[in-house]
Amino acid sequence: MTHAVDDFRRALVTGGAGFIGHHLVRALLDAGLEVAVLDDLSMGKRENVPSAARFVQGDVRDPQAVDAALSGVDCVFHEAAIVSIRASVQEFARDADVNLMGTLNVLQRMAKAGVRKAVFASSMAVYADSPTPTPLLETASTKPVSPYGIAKLAAESYWLTICRAAGIEGTVLRYFNTYGPGQTPTPYVGVITIFINKLLAGEVPTIFGDGEQRRDFIHVNDIVAANIAVLRDVTPGGIFNVGTGNATSVNAIARSLIEILAPGIQPRYAPEQEGEMRNAIAGIDAMRRALGWKPSRPTVNFDDVVAYWKAQTPTARS
Ligand code: NAD
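Residues numbered from 1 in each chain as written. Predicted model: local features only at pLDDT ≥ 70, side-chain atom pairs only at ≥ 80, totals over all residues. Heavy atoms only, no water.

Caption draft 1: How the structure looks around the packing of aromatic side chains. In this structure the tally under the stated criterion is 3 aromatic pairs. Consider the rings of Tyr127 and Phe176, whose centres lie 6.3 Å apart with planes at 35°: the pair is tilted. Taken together, the residues Tyr127 in the loop between strand S5 (117-123) and helix H5 (147-166) and Phe176 in the loop between strand S6 (169-175) and strand S7 (177-179) connect sequence positions 49 residues apart. Exposure remark for Phe176: the relative accessible area of 3% places this residue in the buried category. Where Tyr308 meets Trp309, the ring centres are 4.9 Å apart and the plane angle is 90°; that geometry is what we call edge-to-face. For Trp309, a relative accessible area of 8% puts it in the buried group. (Phe/Tyr/Trp six-rings, centres within 6.5 Å; stacked < 30°, edge-to-face > 60°. Helix = DSSP H or I, 4+ residues; strand = E, 2+ residues; numbered from the N terminus. Buried < 20%, exposed > 50% of the residue type's maximum accessible area, 1.4 Å probe, protein only.)

Caption draft 2: Layout of the site of the ligand. With respect to spatial proximity, 30 residues lie near the ligand, and among them Ile20, Asp39, Glu79, Tyr148 and Thr184 are the closest. Between the ligand and Asp39 there is a distance of 2.6 Å, counted from an oxygen atom to a side-chain nitrogen or oxygen. Met43 is positioned such that a nitrogen or oxygen atom in its backbone is 2.9 Å from an oxygen atom of the ligand. In the complex, the protein chains occlude 96% of the 820 Å² of accessible area that the ligand would expose alone. Secondary-structure elements contributing two or more residues to the shell around the ligand are helix H1 (19-30), S5, H5 and S7. Broken down by element, the residue count for the shell around the ligand peaks at 3 residues, all from S5. Split into classes, the residues belonging to the shell around the ligand amount to 14 nonpolar, 11 polar and 5 charged. (Near = heavy atom within 4 Å. Polar contact = N/O pair within 3.5 Å; in protein donor to acceptor, adjacent residues only side chain to side chain. Areas by Shrake-Rupley, 256 points an atom, 1.4 Å probe, with all protein chains shown as cover. Nonpolar A, V, L, I, M, F, W, Y, C, P; charged D, E, K, R; others polar.)

Caption draft 3: Fine view of the nonpolar core. Leu28, Phe77, Leu173, Val242, Met287 and Trp293 are the most contacted members of the largest nonpolar core, which has 46 residues in total. Top contributing element to this core by residue count: helix H7 (residues 220-232), with 8 residues. The residues contacting Trp293, other than those within four sequence positions of it, are Ile218, Asp222, Ala225, Ala226, Ala229, Val242, Gly243, Ile284, Met287 and Arg288. With 29 residues, the next largest nonpolar core counts Val60, Leu104, Ala151 and Val172 among its residues. (Core = buried A, V, L, I, M, F, W, Y, C linked by side-chain atoms within 4.5 Å. Contact = heavy atoms within 4.5 Å.)

Caption draft 4: Highlighting the environment of Ile281. Counting through the fold element by element, Ile281 comes out in the loop between strand S14 (279-280) and helix H9 (285-291). Put simply, Ile281 and Asn48 are 233 residues apart on the chain and 30 Å apart in space, counted from C-alpha to C-alpha. Leave out the neighbours within four places in its chain, and Ile281 touches Pro133, Thr134, Pro135, Leu136, Phe176, Arg214, Arg215, Asp216, Gly245, Asn246 and Ala247.

In structure tokens:
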């Protein structure tokens, strides 16, 4: 059963100045919703937020900031987080403070604010490591290997339980490795963005481990489409993987990007990073069956990402 398109009028996107958040904000505006954004700009950029959106600069741990952002809102997309497995290994208390306690604060305020639907951005990092690149179903073992995954897993349970108690349709989307234009460049998150920027700067990309670890790379437009599918459909709530179901090695990503941007270069290899999974591939039948969603780019295609970064890098234009 689908909601009427105008069932929901006002959305809040936390983390809406960040990579996934700002793509989602645009899609929600395009769908005719009024959109509020709550972001502390620790990673996101103010210029990512369209002028049509109401912007509240603040922290998800701050009750007043969350209340201000929630004013009049009937649906919430909680994207704000510290998105770094490596940072979570080093600073697990800070990770949990934002990614778990911040989420609980959003939940606490939301339950009193008249919200009817709420989607939580979780991660493949909640799963136990997988020795083979076999697709993981939502029922697969959840034994996170990183503090980031532990906080996301705990936040998921709170999300579903508190939403249910408050009469909110609560959904958890477990995103796999997301790529696309406008990803926030950091040294450790988003291998495609990192490699492109290194190669455009004339530097050698570093592969951690042997490069044969396999990931499920999903384009940000498909992540956005999954969120919109949840908004449009009446679901009993629950947990859904959002990936493509296809495995790609880090070596394969490096090879393709080198071929396009710096033929002949050899990547550098460095020791494996603590907290990283060997394989993380999504089983996506649940999302397909419940919401009719499927990825529009089942295999990795980063042409638009390369074009985006070329346009941002003046020396690469010539
Ligand atoms: P991002 O870093 O680009 O965006 C996160 C946003 O949250 C940033 O704009 C940042 O400024 C904001 N933020 C951080 N701490 C905050 C706080 N205390 N208060 C308010 N705002 C705060 O990351 P992203 O890739 O867009 O990730 C969005 C969501 O998707 C996150 O919840 C992340 O865990 C999840 N996710 C991402 C991926 C991926 O591959 N990018 C994979 C799985 C899950």
